[in-house]
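For reference, the chains in residue letters:
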Amino acid sequence: MFIVPLALTIYAFIDCLNTSEEDTKHLPKIAWVFIILLFWIVGPVVWLAAGKNRHNRAGGAGPAPWQPGRRQQWVAPDDNPDFLKSLKDDRKPEAEAEADAEEEPGRRDGGTGPDDKAPPAS
């Protein structure tokens, strides 16, 4: 009889500590910690019922239209314009490195590099 309330209190305490300040409802996070620890059985139940914003599961209704920055549904990477733009941005440094690598052998073959032992032709 003693183990179930203790386990519930420990679970609620850890859940509260791992929850960000933005996801706590009604009270600051530190207040929820004190409620969970001081009101041994009631505190964890109140935290689990009303203290935290719960996110929807995949099968649930999507976010409300007034929630900015939340997607209505999953978008495949090849349909996501942000992802495609990031691929283009990632390829730019590679293309510049390849262009530098192509110029390097051309300079060495010409014999005009700073490490050449032969004197320049006049």
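Scroll up a little and you will see the structure.
Every residue gets a number counted from 1 within its own chain, in the order that chain's sequence is written. Local features are withheld for residues below a pLDDT of 70 in this predicted model, meaning they are given only at 70 or higher, and side-chain atom pairs are given and counted only at 80 or more; totals for whole chains, interfaces and linings count all residues. Based on all heavy atoms of the structure, the side-chain values leave hydrogens and waters out of the count.

Caption draft 1: The arrangement of the pattern of salt bridges in detail. A carboxyl oxygen of Asp or Glu within 4 Å of a side-chain nitrogen of Lys or Arg is what we treat as a salt bridge. In total, this model carries 1 salt bridge according to the counting rule given. With its nearest N and O atoms 2.9 Å apart, the salt bridge here joins Asp 15 to Lys 52. A residue pair is termed long-range when its members are at least 10 positions apart, and Asp 15 in helix H1 (residues 3-18) and Lys 52 in the loop between helix H3 (42-51) and helix H4 (81-110) qualify at 37 residues. Classification of Lys 52 by relative accessible area gives buried; the value is 19%. Segments assigned H or I by DSSP are reported as helices when at least four residues long, segments assigned E as strands when at least two residues long, and all are numbered from the N terminus. Only protein chains enter the area calculation, which uses a 1.4 Å probe; residues under 20% of their type maximum are buried, those over 50% are exposed, and those in between are partly exposed.

Caption draft 2: Geometry of the packing of H1 against helix H2 (residues 29-38). The N-to-C vectors of H1 and H2 enclose an angle of 175°; their axes lie 10 Å apart at closest approach. Considered as vectors, H1 and H2 are oriented roughly antiparallel to each other. When H1 is examined against H2, the residues Thr 9, Ala 12, Phe 13, Cys 16 and Leu 17 are found in contact with a partner set consisting of Lys 29, Trp 32, Val 33, Ile 36 and Leu 37. Split into classes, the residues belonging to the contact of H1 with H2 amount to 8 nonpolar, 1 polar and 1 charged. Orientation is described by axes fitted as lines to C-alpha atoms, over the contacting stretch for helices, and by angles from 0 to 180 degrees between their N-to-C directions. Put simply, angles under 35 degrees are roughly parallel, angles over 145 are roughly antiparallel, angles from 65 to 115 are roughly perpendicular, and the rest are oblique. Contacts between residues were defined by any pair of non-hydrogen atoms, one from each residue, lying within 4.5 Å. For this classification, Asp, Glu, Lys and Arg are treated as charged, while Ala, Val, Leu, Ile, Met, Phe, Trp, Tyr, Cys and Pro are nonpolar and the rest, including Gly, are polar.

Caption draft 3: Molecular detail of the side chain of Thr 24. Tracing the backbone through its elements, the reader meets Thr 24 in the loop between H1 and H2. We call two N or O atoms a polar contact when they sit within 3.5 Å, provided that within protein one can donate a hydrogen and the other can accept it, with sequence-adjacent residues counted only if both atoms are side-chain atoms. There is a polar contact of 2.8 Å between the side chain of Thr 24 and the backbone oxygen of Glu 21.

Caption draft 4: Broad picture of the side chain of Asp 15. Judged by its relative accessible area of 11%, Asp 15 is buried. Other than its neighbours up to four places away in sequence, Asp 15 contacts Trp 47, Leu 48, Lys 52 and Arg 54.

Caption draft 5: Broad picture of H3. Among all positions of H3, only Gly 43, Pro 44, Trp 47 and Gly 51 are buried. Taken end-on, H3 shows its buried residues confined to a sector of 100°, consistent with a single buried face. Facing away from the buried surface of H3 by more than 90 degrees, the exposed residues are Val 42 and Ala 49. Residues of H3 that are buried make contact with H1 and H2. Here the arc refers to the directions that run from the helix axis out to each C-beta atom.

Caption draft 6: The arrangement of the nonpolar core in detail. Take the buried residues of types Ala, Val, Leu, Ile, Met, Phe, Trp, Tyr and Cys, join any two whose side-chain atoms come within 4.5 Å, and each joined set is a nonpolar core. Counting 6 residues, the largest nonpolar core is built from Ala 12, Cys 16, Trp 32, Val 33, Ile 36 and Trp 47. Among the elements that line this core, the one with the most residues is H2, at 3 residues. If sequence neighbours within four positions are ignored, Ala 12 has contacts with Ile 36, Pro 44 and Trp 47.

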